[in-house]
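One-letter residues, chain by chain:
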Amino acid sequence: MDQIKLARDLLDKSLNPLFLTGAGISAESGVPTFRGENGLWKNYRPEELATPEAFRRDPAVVWEWYNWRKSLVSQKDPNAGHLAINFIQERHPEMGVITQNVDGLHQRAGNKNLVELHGNLFFARCVKCNGIVEYQDYDNNSPQCESCGGRLRPHIVWFGEQLDPEVIGRVNRYLQKTDLLVIVGTSGVVYPAAGFASTVALRGVKVIEINPEPVIDFALQLKGGAGEVLPHLSG
Ligand SMILES: [Zn+2]
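About the thresholds
- Residues numbered from 1 in each chain as written.
- Predicted model: local features only at pLDDT ≥ 70, side-chain atom pairs only at ≥ 80, totals over all residues.
- Heavy atoms only, no water.
- Helix = DSSP H or I, 4+ residues; strand = E, 2+ residues; numbered from the N terminus.
- Rg over C-alpha atoms; globule rule 2.2 N^0.38 Å.
- Contact = heavy atoms within 4.5 Å.
- Areas by Shrake-Rupley, 256 points an atom, 1.4 Å probe, with all protein chains shown as cover.
- Lys, Arg positive; Asp, Glu negative; His and termini not counted.
- Charge placed at Lys NZ, Arg CZ, Asp CG, Glu CD.
- Pairing = 2+ DSSP bridges.
- Axes fitted to C-alpha atoms, helices over the stretch in contact; angles between N-to-C directions.
- 1 Å grid on protein atoms, 1.4 Å probe; cavity = no way out; pocket = protein on both sides within 12 Å on 5 of 7 lines; lining within 4 Å.
- Points joined across faces, edges and corners; volume = space filled by probe spheres on them.
- Nonpolar A, V, L, I, M, F, W, Y, C, P; charged D, E, K, R; others polar.
- Expected span 1.5 Å × (residues − 1).
- Buried < 20%, exposed > 50% of the residue type's maximum accessible area, 1.4 Å probe, protein only.
- Polar contact = N/O pair within 3.5 Å; in protein donor to acceptor, adjacent residues only side chain to side chain.
- Salt bridge = Lys/Arg side-chain N within 4 Å of Asp/Glu carboxyl O.

Visitor: Hey, could you run me through the overall build of the chain in this one?
Guide: Tallying secondary structure elements over the chain gives 10 helices and nine strands in all. The globule rule puts the C-alpha radius of gyration for 235 residues at 18 Å, and the 18 Å found for the chain is close to it. Its C-alpha atoms put the chain at 55 × 35 × 30 Å along the principal axes. Across the chain, every contact between residues at least 6 apart in sequence was considered, and the portion connecting residues at least 24 apart equals 65%. When the accessible surface of the chain is split by element, carbon and sulfur atoms take 51% of a total near 11,700 Å². Taking the 24 positively charged and 27 negatively charged side chains of the chain as two groups, their mean positions are separated by 3 Å.

What follows is the structure in structure tokens.
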């Protein structure tokens, strides 16, 4: 397939490739997207649980929901797409992997230089000292930080919250440096993916989009799932 060969050439010649991944690559591992009807849990919509207001009002129910999501994701495994990124990083050890996913599958696959835009289900964060700790199954309303006694919360960016400035800084450094952006399994019309693609394209950086239904018209589009397409680029 010519598109694949073109993409391989671009990747081989690139000095600073950068990956951006979204829900599609996780869906291939069987992780639900928690959107729409399929996202319902005990009749709550995610928009009713993943907010600072919900956590203030009823922390126990929010913890319970995250305990459930964490146990669900624990039963899933990284797929051929995640693993192909390891092989690409052997050739490009500086390559960053920015993800919108919170399921930790990139980490479990062994991908390096990971930037998790929206946090990670397997960690909790102290609201006082910002310390990040491994997530336990919290069954009470107010687990506390062992270092400062502050309140712990899921280490997730909720609806209505800003991305962590430190994370934005790392993303910007990668975006400024990259000469090839590879977007996998995320709709190019939703922020922040759309913004990243057009930002780098403005300065002439090539964009590759891997998606079952590609949408970024200025990208080199590879139609298909990550697990199907990425192994062709990693060998
Ligand atoms: Zn603390």
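Further notes follow.
Visitor: How do you make sense of the sheet that holds strand 8 (residues 206–211) when you look at a structure like this?
Guide: Hydrogen bonding along the main chain pairs the strands of a sheet, whether they run parallel or antiparallel. Spatially, 3-2-1-7-8-9 is the arrangement adopted by the six strands of the open sheet, whose pairing is parallel. Unpaired on one side and paired on the other, strand 3 (114–116) and strand 9 (220–223) mark the two borders of the sheet. Ignoring strand direction, the axes of neighbouring strands in this sheet form an average angle of 15°. Pairing geometry for strand 2 (residues 96–99) and strand 3, over three bridges, is parallel. Along strand 3, the bridge assignment pairs Thr-99 with Glu-116. Sheet strands in contact with helix 1 (residues 2–13) are strand 1 (17–21), strand 7 (180–184), strand 8 and strand 9, and its direction is about 125° off that of strand 9.

Visitor: Help me understand the sheet that holds strand 6 (residues 152–156), please; the structure alone is not making it clear to me.
Guide: Taken together, the three strands give an open sheet; going across it, the order is 5-4-6, and neighbouring strands pair in antiparallel fashion. Each of the sheet's edge strands pairs with one partner strand only, and the pair in question is strand 5 (132–134) and strand 6. With direction set aside, neighbouring strand axes in the sheet form an average angle of 45°. Note: strand 4 (residues 119–126) against strand 5, three bridges, orientation antiparallel. Within strand 5, the position partnered with Arg-125 by the bridge is Ile-132. Strands strand 4 and strand 6 of the sheet are contacted by helix 5 (residues 59–74), whose axis makes an angle of about 140° with strand 4.

Visitor: When you look at the layout of surface pockets in this model, what are you seeing that I'm missing?
Guide: The method is simple in principle: a probe with the dimensions of a water molecule rolls over the atoms, and the space it marks as empty is what remains. There is about 470 Å³ of room inside the second largest pocket. What lines the second largest pocket is a set of 24 residues, and nearest its centre among them are Arg-125, Ile-132, His-155, Asp-164 and Val-167. Split by residue class, the lining of the second largest pocket holds 10 nonpolar, seven polar and seven charged.

Visitor: I would appreciate a short explanation of helix 6 (residues 80–91) in the present structure.
Guide: Residues separated by three or four positions in an α-helix point in the same direction, a consequence of the helix having 3.6 residues per turn. Compared with the 16 Å implied by 1.5 Å per residue over 12 residues, the 17 Å span of helix 6 between its first and last C-alpha is a close match. Those residues of helix 6 that fall on the buried side of the exposure criterion are Gly-81, His-82, Ala-84, Ile-85, Asn-86, Ile-88 and Gln-89. The elements touched by buried residues of helix 6 are helix 1, strand 1, helix 2 (23–27), strand 2, helix 7 (105–109) and helix 10 (226–234). Put simply, Asn-79 is the residue that caps the front of helix 6, since its side-chain oxygen is 2.7 Å from the backbone nitrogen of Gly-81.

Visitor: Which parts of the structure should I look at to understand the environment of Asp-9?
Guide: Tracing the chain through its elements places Asp-9 in helix 1. The partly exposed category is assigned to Asp-9, whose relative accessible area is 29%. For the pair Asp-9 and Gly-195, spaced 186 residues apart in sequence, the C-alpha to C-alpha distance is 25 Å.

Visitor: I tried to follow unusual backbone geometry on my own but got confused; where do I start?
Guide: Trans is the common state for peptide bonds, and a negative phi is the common state for residues other than glycine. Phi angles above zero are rare outside glycine, and Asn-43 is one such case at about 70°. Tracing the chain through its elements places Asn-43 in the loop between helix 2 and helix 3 (46–49). Relative accessible area serves as the criterion here: at 68%, Asn-43 is assigned to the exposed category.

Visitor: Teacher, can you tell me more about the pairing of strand 4 here?
Guide: The two faces of the sheet receive side chains in turn, since in a regular strand these alternate between them. Within strand 4, six of the eight residues are buried, which leaves the element mostly enclosed by the surrounding structure. Hairpin remark: strand 4 followed by strand 5, antiparallel, with five residues in the connecting loop; positive phi at Asn-130, about 65°.

Visitor: Whenever I open this one, the pattern of salt bridges confuses me. Can you help?
Guide: Oppositely charged side chains are able to pair whenever their charged atoms sit close together. Under the counting rule described, the total for this entry stands at eight salt bridges. Ionic pairing is found between Lys-42 and Glu-64, a salt bridge with its closest N-O pair at 2.6 Å. Of this pair, Lys-42 sits in the loop between helix 2 and helix 3 while Glu-64 sits in helix 5; the two residues are 22 residues apart in sequence, bridging distant segments of the chain. Note on Lys-42: relative accessible area 54%, which makes it exposed.

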